[in-house]
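# A look at the structure
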Amino acid sequence: MQLNLRSAEAVRAAFRAIEEAVREKAGPKAFAGVTVQKMIVWKDGYELIIGSSIDPQLGPVLLFGSGGQLVEVLKDRALGLPPLNTTLARRMMERTKISQALKGVRGRKPVDVKALETLMVRFSQLVVEQRWVKEIDINPLLAARKPGRPGRSRAVA
């Protein structure tokens, strides 16, 4: 993942770097392209990660936790097996430290945890139904109160 690309040349350089890294790590035929999206910058929200990879013995394993640039440093994550229902999704989230912050801390508004549960259930369905997906991450998954709409939150990948 490449962030803060401010010019067309920066996007081209990032593309080349990603392509080279994938081909070096996984072989010359492994590179299938990239997706480029406009970066959303929010001052007030939480960076989360949701992902999945294949365990040789268990099959797909789900990941949820603190995301963003410090994901490897904070190591605040929980693992679970798909498919999830809303109860399993909530319990998975509750096993992380970030779950307390999602309820609202230090003046920040709470995030709609039910919306995150729904997102996790749908994500787990994708992983189960699309067996060709070997690894997938949404990082950062930005979760914040939706501006201008009291009581509503949003999550943006």
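Here's what I pulled together on the structure shown here. (Residues numbered from 1 in each chain as written. Predicted model: local features only at pLDDT ≥ 70, side-chain atom pairs only at ≥ 80, totals over all residues. Heavy atoms only, no water.)

### Observations regarding the side chain of S52
For clarity, the cut-off: Only DSSP runs of H or I covering at least 4 residues are called helices, and only runs of E covering at least 2 are called strands; the numbering of each starts at the N terminus. Partly exposed residues are those whose accessible area sits between 20% and 50% of the maximum for their type, while under 20% is buried and over 50% is exposed, using a 1.4 Å probe and protein chains only. Counting of polar contacts relies on pairs of N or O atoms within 3.5 Å, with two restrictions inside protein: one atom must be capable of donating a hydrogen and the other of accepting it, and residues adjacent in sequence are counted only when both atoms are side-chain atoms. In this analysis, two residues are considered to be in contact whenever any of their non-hydrogen atoms come within 4.5 Å of each other.
Summarising the element assignment, S52 is placed in strand β1 (residues 46-55). Among the residues examined, S52 registers a relative accessible area of 6% and is labelled buried. A distance of 3.1 Å separates a polar side-chain atom of S52 from the backbone oxygen of V61. Setting aside residues no more than four positions away along its own chain, S52 makes contact with P60, V61, L62, F123, V127, K134, E135, I136 and D137.

### A word on the nonpolar core
Rules: In these notes, a set of buried Ala, Val, Leu, Ile, Met, Phe, Trp, Tyr and Cys residues joined through side-chain atoms within 4.5 Å is what counts as a nonpolar core.
By size, the foremost hydrophobic cluster in this structure holds 21 residues, and its most contacted members are L48, F64, L102 and M120. Every element with two or more residues in this core is listed here: β1, β2 (59-66), α3 (86-94), α4 (98-102), α5 (113-129) and β4 (135-145). Per-element accounting of this core gives the leading share, 5 residues, to α5. When residues no more than four places from it in sequence are discounted, the contact partners of M120 are I50, F64, L84, A89, M92 and M93.

### Digging into unusual backbone geometry
Going from P82 to P83, the amide bond is cis rather than trans, its omega being 0 degrees. Turning to its location among the elements, P83 is positioned in the loop between β3 (77-80) and α3. That bond from N139 to P140 is cis: its omega, 5 degrees, falls within 30 degrees of zero. Tracing the sequence through the fold places P140 in strand β4. Backbone geometry at K75 places phi at a positive 50 degrees, although glycine is not the residue there.

### Digging into the environment of L116
Relative to the helices and strands, L116 resides in helix α5. Counting along the chain gives 26 residues from L116 to R90, while the straight-line C-alpha distance between them is 8.5 Å.

### Structural notes on helix α1 (residues 8-26)
How we decide: By this rule the span expected of a helix is its residue count minus one, scaled by 1.5 Å.
With 19 residues, α1 ought to run about 27 Å at 1.5 Å a step, and its terminal C-alpha atoms sit 27 Å apart, in line with that. One or two positions beyond α1, positive phi appears at G27, with a value near 110 degrees.

### Notes on the packing of aromatic side chains
The test is simple: Aromatic pairs are defined between Phe, Tyr and Trp rings, using the six-membered ring for Trp, whenever the two ring centres lie within 6.5 Å; interplanar angles under 30 degrees are classed as stacked, those over 60 as edge-to-face, and all others as tilted. Ring-over charges, as used throughout, are those where CZ of Arg or NZ of Lys falls within 6 Å of the ring centre and within 35 degrees of the ring normal.
Under the criterion given, the structure shown has 1 aromatic pair. Residues F15 and F31 carry aromatic rings whose centres are separated by 5.5 Å and whose planes lie at 85 degrees to one another, so their mutual orientation is edge-to-face. Of the two residues, F15 is situated in helix α1 and F31 in the loop between α1 and β1; the sequence distance between them amounts to 16 residues. Over the ring of Y46 we find R108, and its NZ or CZ is 4.8 Å from the ring centre.

### Some points on the pairing of β1
Regular strands show a simple pattern: their side chains alternate between the two faces of the sheet. Stated formally: Two strands qualify as a pair provided DSSP detects at least 2 bridges between them.
Relative to β4, β1 runs antiparallel, the two sharing 7 bridges. Residue pairing in the sheet places L48 in a bridge with L141 of β4. Across 8 bridges, β1 lies against β2 in antiparallel orientation. Paired with D55 across the strands is G59, a residue of β2. Between β1 and the antiparallel strand that follows it, β2, lie 3 residues.

### What to know about the environment of F123
Examined against the element boundaries, F123 turns out to sit in helix α5. Here F123 falls in the buried class, since its relative accessible area comes to 7%. Between the C-alpha atom of F123 and that of A78, which follows or precedes it by 45 residues, the distance is 15 Å. In this structure, F123 is in contact with I50, G51, S52, L62, I136 and I138, ignoring residues within four places of it in sequence.

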